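Topology and contacts: notes
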Amino acid sequence: MAEVNALGFDEVMVLQMGRPVRMEHYTTDHLHVRSIYKTKSGEVRLFQSNDQGITSGLPVMIRGYHAVRNGDGASWVERDYILDLNPLDRRYVRALRWVGRS
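Residues numbered from 1 in each chain as written. Predicted model: local features only at pLDDT ≥ 70, side-chain atom pairs only at ≥ 80, totals over all residues. Heavy atoms only, no water.

For the rest of this paragraph, the subject is the overall build of the protein chain. When helices and strands are tallied, the protein chain shows two helices and nine strands. Counted from the first residue to the last, the protein chain has its helices and strands arranged as α-β-β-β-β-β-β-β-β-α-β. The C-alpha radius of gyration of the protein chain comes to 13 Å, within 12% of the 13 Å expected for a compact globule of 102 residues. Dimensions of the protein chain along its principal axes, counting C-alpha atoms only, are 35 × 30 × 25 Å. (Helix = DSSP H or I, 4+ residues; strand = E, 2+ residues; numbered from the N terminus. Rg over C-alpha atoms; globule rule 2.2 N^0.38 Å.)

Printed below as a string of structure tokens:
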């Protein structure tokens, strides 16, 4: 969390399931962070950015927000961040939590 704060995010979405194995970050015009978790079912990737758009896809609802399904994952905007979860699975969605500023 401290590393993400140092890069410019006030809060970060985490998966409270499985084991975090890697966090990658890069900056273009915006900060992008990808966290990779290992679960019993396999690898889960959670992407967070303060960029300005999401990809196109099949409309769905996630955590009460309009989202788009793209392949095995989905993207949505929550708390002014773009989030992408892959694979999309209800168990993973229920295990998402914000850490940092409330």
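From this point, the discussion proceeds with the structure in view.
Another point: the environment of V33. Note that V33 resides in strand β3 (residues 31-39). C-alpha of V33 to C-alpha of S75: the two residues are 42 residues apart in sequence and 14 Å apart in space. Leave out the neighbours within four places in its chain, and V33 touches F9, M23, E24, H25, L46, F47 and Q48. (Contact = heavy atoms within 4.5 Å.)

The next point concerns the sheet that holds strand β7 (residues 73-78). Spatial ordering of the open sheet is given by β2-β3-β4-β8-β7-β6-β5, a layout of seven strands whose pairing is antiparallel. Only two strands of the sheet have a single partner each, and these edge strands are β2 (19-27) and β5 (58-62). Neighbour-to-neighbour, the strand axes of this sheet turn through a mean angle of 25°, independent of strand direction. Where β5 lies against strand β6 (residues 65-70), five bridges are found, and the strand directions are antiparallel. Across the sheet, V60 pairs through a bridge with A67, a residue of β6. (Pairing = 2+ DSSP bridges. Axes fitted to C-alpha atoms, helices over the stretch in contact; angles between N-to-C directions.)

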